[in-house]
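Descriptive analysis of the structure
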Amino acid sequence: MMKQPRQATNSKWTCCLLIAAVLASPCMSFAFTNNGQQRQPSPSQLHVSTDESVTATTTQFQPTPASLEKLEIVKLALKRPRGASIGVEYLPNPDADEDVSILSMQLRKVKAAAMYTSNASCVSKFVKEQESARGDFPGPLPVIYTGSSPEEVVEGEFSATAVVLDYGKDEIANRHMENTGIIWRVSNINQIQEAINVGNVGDVLLLPQELISDGEEENAELKEVLCQLPKSTVTIAAISSMLPENKEVTLGKMCASMGISSLLIQNCCVGDEEDLKYASYVIESISKKSSSSFSMTGLTGSTNGHFGTSSHMGEVKWRRNL
């Protein structure tokens, strides 16, 4: 005699499977504490808003493989086994020569770690010249754009290696930056911690000079945060150029002692005759262990002997400041 199908049993199993599927859904995931109270869902279980106004913490920005590859080039250039590397910014004045190829080549020779500029039209010129040194020593420097129009420098054969964006402006990164590295400009210590805790926005951070103080006690909180960062993190401190009493050298040495990975000397080059001389001076002065006074070895001063050379008090004065 043929047996009747076990319809009731099959229905029961079907029902169990449906319940299990619903419970496994992220939208229905709940956890309970030891006392039986419901625990709040973790951030990964929450619905992520598509509103572009929210910050990187909630949008969970994800860099593309191409972006991470470019960022790795930056990290390799800026990270040193000891001490801080030094990058220079080029911000041309109205009278600057449009041909930047010679300056680009010479900055490699004075051991600059990277080139920064907020001038979009200069990016492709620098990248093209730097690429001509591929296979040579020293090799190409990364070219990093710091201006307000990053979408203008991320396409084409000679696009920027990386761009600097304000932390939290990840809607720009999602829209335009698929093929370039992203450096996040933080404005305070809390943003440093937040960016690292998010863990997926990238780990190269630019710190403003306002976060760096003259004394060790004033920098204690920042130093503590820096010590807690993962070893893969690269931090860049922005420092103004040609400060009174050559204070940029003192600040640069202090940043290096706190564990900051690299320095950005702002307005280091402007397209005048002191560009290379000053770049060489500030890189050598910060990098060497001895006193911050500078002998200008291998470089000559101006015709009157007073600019770009140490005075009797040890301060180096520059014509550009007059």
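1. Structural notes on the overall build of the protein chain
A tally of helices and strands in the protein chain yields ten helices and ten strands. Taking the intrachain contacts of the protein chain between residues at least 6 apart in sequence as the baseline, contacts between residues at least 24 apart amount to 65%.

2. Here we look at the packing of helix H9 (residues 247-257) against helix H10 (residues 275-287)
Packing of H9 against H10 brings their axes to within 9 Å, and their N-to-C directions diverge by 40 degrees. One way to sum up the angle between H9 and H10 is to call them oblique. Between H9 and H10 the crossing geometry is right-handed. For the pair H9 and H10, contact is made by Glu248, Val249, Gly252 and Lys253 and by Tyr278, Tyr281, Val282, Ser285 and Ile286, respectively. Considering only residue class, the contact of H9 with H10 consists of five nonpolar, two polar and two charged.

3. Some points on the packing of helix H4 (residues 101-109) against helix H5 (residues 120-131)
Direction vectors running N to C along H4 and H5 enclose 55 degrees, while the axes themselves pass 9 Å from each other. In this view, H4 runs oblique relative to H5, as classed from their interaxial angle. The handedness of the crossing between H4 and H5 comes out as right-handed. Contact residues: Ser101, Ser104, Met105 and Arg108 in H4; Phe126, Glu129 and Gln130 in H5. Residue composition of the contact of H4 with H5, grouped by class: two nonpolar, three polar and two charged.

4. Concerning the pattern of salt bridges
Per the counting criterion, the structure on display carries eight salt bridges. Here Arg320 and Asp275 are joined by a salt bridge, their closest N and O atoms 3.1 Å apart. With Arg320 in the segment after H10 and Asp275 in helix H10, this residue pair connects regions lying 45 residues apart in the sequence. Among the charged side chains, a salt-bridge network with shared partners connects Asp272, Asp275 and Arg320.

5. Examining the layout of surface pockets
For the largest pocket, the calculated volume is near 410 Å³. What lines the largest pocket is a set of 15 residues, among which Arg82, Gly83, Ala84, Ile286 and Ser287 lie closest to the centre. Where the lining of the largest pocket is concerned, the elements lending two or more residues are strand E3 (85-90), H9 and H10. Considering every element that reaches the lining of the largest pocket, the biggest residue donor is H10, with three residues. Its residues placed into classes, the lining of the largest pocket shows six nonpolar, three polar and six charged.

6. Structural notes on H10
Between the first and last C-alpha of H10 there are 18 Å, a value that for 13 residues agrees with the 18 Å anticipated at 1.5 Å per step. Where burial is concerned, most of H10 is hidden: ten out of the 13 residues are buried. Looking only at H10, the buried set comprises Asp275, Lys277, Tyr278, Ala279, Ser280, Tyr281, Val282, Ile283, Ser285 and Ile286. If you follow the buried residues of H10, they end up packed against E3, H4, H9 and strand E10 (262-269).

7. Things to note about the side chain of Gln130
Turning to its location among the elements, Gln130 is positioned in helix H5. The exposure class assigned to Gln130 is buried, which follows from its relative accessible area of 1%. Residue contacts for Gln130: discarding those within four places in its chain leaves Ser104, Arg108, Met115, Gly139, Pro140, Leu141 and Val143.

8. Considerations on the environment of Asn267
You can see Asn267 is positioned in strand E10. Using a relative accessible area of 33% as the deciding quantity, one classes Asn267 as partly exposed. Once the C-alpha coordinates of Asn267 and Ser241 are considered, the two residues, 26 residues apart in sequence, prove to be 6.1 Å apart. For Asn267, the residues in contact, after removing those within four places along its chain, are Glu89, Leu91, Ser241 and Arg320.

9. Quick look at the nonpolar core
Soluble, globular proteins show a tendency: their nonpolar side chains are buried together. Core analysis: the largest hydrophobic core is formed by 62 residues, its most contacted members being Leu107, Ile192, Ile260, Leu263 and Ile265. With six residues, the top contributor of residues to this core is H10. In this view, Leu263 contacts Ala84, Ser85, Ile86, Gly87, Ile236, Ala237, Ile239, Gly252, Cys255 and Ile286; residues no more than four positions away in its chain are not counted. With 16 residues, the next largest nonpolar core counts Tyr116, Val234, Ala238 and Leu264 among its residues.

Calculation notes
Residues numbered from 1 in each chain as written. Predicted model: local features only at pLDDT ≥ 70, side-chain atom pairs only at ≥ 80, totals over all residues. Heavy atoms only, no water. Helix = DSSP H or I, 4+ residues; strand = E, 2+ residues; numbered from the N terminus. Contact = heavy atoms within 4.5 Å. Axes fitted to C-alpha atoms, helices over the stretch in contact; angles between N-to-C directions. Parallel < 35°, antiparallel > 145°, perpendicular 65-115°, else oblique. Left-handed = near helix turned anticlockwise from the far one by under 90°. Nonpolar A, V, L, I, M, F, W, Y, C, P; charged D, E, K, R; others polar. Salt bridge = Lys/Arg side-chain N within 4 Å of Asp/Glu carboxyl O. 1 Å grid on protein atoms, 1.4 Å probe; cavity = no way out; pocket = protein on both sides within 12 Å on 5 of 7 lines; lining within 4 Å. Points joined across faces, edges and corners; volume = space filled by probe spheres on them. Expected span 1.5 Å × (residues − 1). Buried < 20%, exposed > 50% of the residue type's maximum accessible area, 1.4 Å probe, protein only. Core = buried A, V, L, I, M, F, W, Y, C linked by side-chain atoms within 4.5 Å.

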